[in-house]
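# Structure assessment
For reference, the chains in residue letters:
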Amino acid sequence: PEHWRDGASATRFVTFERDGEARGYTRYRHKPDWEGGHANHELRVGELHALDVEAYAALSRYLFSVDLVGTVRLGNRRLNEPLRSMLVDPRRLSTRLSDTIWFRPMDVPALLAARRYPAAGDLVIEVIDDFMGFSGGRFLLSGGPDGAECSPTGRTPDLTMSLADLGSAYLGSPRIGQLAWVGRIDGDERAVQLAQSMFSWHIEPWCTVFF
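I will try to describe carefully the structure that is included in this document. (Residues numbered from 1 in each chain as written. Predicted model: local features only at pLDDT ≥ 70, side-chain atom pairs only at ≥ 80, totals over all residues. Heavy atoms only, no water.)

## As for the overall build of the protein chain
Tallying secondary structure elements over the protein chain gives six helices and 11 strands in all. At 22 Å, the protein chain has a C-alpha radius of gyration far larger than the 17 Å of a compact globule built from 211 residues. Principal axes of the C-alpha set define a box for the protein chain whose edges measure 70 × 40 × 35 Å. Expressed as a percentage of the 211 residues in the protein chain, the buried residues total 31%. Sequence-distant contacts, at least 24 apart, represent 59% of the contacts inside the protein chain between residues at least 6 apart. Put simply, the protein chain shows about 13,300 Å² of open surface, and 52% of that area lies on carbon and sulfur atoms. Of note, the protein chain has its 24 positive side-chain charges centred 5 Å away from the centre of its 28 negative side-chain charges. (Helix = DSSP H or I, 4+ residues; strand = E, 2+ residues; numbered from the N terminus. Rg over C-alpha atoms; globule rule 2.2 N^0.38 Å. Buried < 20%, exposed > 50% of the residue type's maximum accessible area, 1.4 Å probe, protein only. Contact = heavy atoms within 4.5 Å. Areas by Shrake-Rupley, 256 points an atom, 1.4 Å probe, with all protein chains shown as cover. Lys, Arg positive; Asp, Glu negative; His and termini not counted. Charge placed at Lys NZ, Arg CZ, Asp CG, Glu CD.)

## Some words on the sheet that holds strand S2 (residues 21-31)
As a general point, the strands of a sheet are linked pairwise by backbone hydrogen bonds and lie either parallel or antiparallel. Strand order in the open sheet formed by four strands is S1-S2-S5-S6, with mixed pairing between adjacent strands. Looking at strand neighbours, the two that pair on one side only are strand S1 (12-18) and strand S6 (69-74), the edges of this open sheet. Across the sheet, the mean angle from the axis of one strand to that of its neighbour is 25 degrees, orientation sign disregarded. Where S1 meets S2, seven bridges bridge the pair, whose relative direction is antiparallel. For Val14, the partnering residue across the bridge sits in S2 and is Thr26. Relative to strand S5 (residues 41-50), helix H1 (residues 53-63) is tilted by about 170 degrees, and along the sheet it contacts S1, S2, S5 and S6. (Pairing = 2+ DSSP bridges. Axes fitted to C-alpha atoms, helices over the stretch in contact; angles between N-to-C directions.)

## Observations concerning helix H6 (residues 189-199)
Where H6 is concerned, the buried positions are Ala191, Val192, Leu194, Ala195, Met198 and Phe199. The buried residues of H6 occupy an angular sector of 165 degrees when the element is viewed end-on, so they sit on one face. Regarding H6, its N-cap is Asp188, as a side-chain oxygen of that residue lies 3.3 Å from the backbone nitrogen of Arg190 further along. (Arc of directions from axis to C-beta. Polar contact = N/O pair within 3.5 Å; in protein donor to acceptor, adjacent residues only side chain to side chain.)

## Section: the pattern of salt bridges
Opposite charge on two side chains permits them to pair, given that their charged atoms come into close proximity. Overall, the coordinates contain 16 salt bridges when judged by the stated rule. A salt bridge links Glu21 to Arg23; the shortest N-O distance between them is 3.5 Å. Glu21 gets classed as partly exposed once you look at its relative accessible area, which sits at 43%. Take Arg23: its relative accessible area is 18%, and that puts it in the buried class. (Salt bridge = Lys/Arg side-chain N within 4 Å of Asp/Glu carboxyl O.)

## A short note on the nonpolar core
Among the nonpolar cores identified, the biggest contains 27 residues, and Leu112, Leu123, Ile125, Leu141, Leu159 and Phe199 are the most heavily contacted of them. Secondary structure elements with two or more residues in this core: helix H3 (108-113), strand S7 (121-128), strand S8 (137-144), strand S9 (147-152), strand S10 (159-162), helix H4 (163-171), helix H5 (176-181) and H6. A total of six residues in this core trace back to one element, the largest contributor, which is H6. Each residue touching Leu123, except ones within four places of it in the same chain, is listed here: Phe139, Leu140, Leu141, Asp158, Leu159, Ala191, Leu194, Ala195 and Met198. Membership of the second largest hydrophobic core comes to 12 residues, among which are Phe16, Val45, Leu48 and Leu83. (Core = buried A, V, L, I, M, F, W, Y, C linked by side-chain atoms within 4.5 Å.)

See the structure below:
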């Protein structure tokens, strides 16, 4: 509804196509703003998604080339937005952090067995659940690129971490080495390096919708 737009236009869509196939799209609103007779309009980008860098670059270039716009605001973007590496002057891009992913592991063995791991290895992880209590324990994880198995164990742990830090490690960000360096994960250097290799992933966690 117009009274929800804060003076912005209706939603506009632009798609990028190659050989008749859609490879990306962006959704945005345009808010006019005239300061002393000079245009300083704002482009409010709700979505920007692309299947490859060509589509991403083309859609980004379109958004930054709309006439009379002084500010482009992109909402709900990934932590390490590729756009920063594409700008001639990346200092012009300012960011503000906010929470968009809330994740609490409940069934740790099922969770750890459900994903793949780029590096193969075995780890005994002790998980501390200070909030509810029923999700903690010691678990033996055997994982690799083809899948994983995880089960409770009584073996001495290689790593000890909270349930919250396990959630972060599971999604791949922040890195386990960083969490260990600041004292949030306990373990020797070998176990930390192995866990970092196992839990890393080439795609960073990103929730593309707001709720």
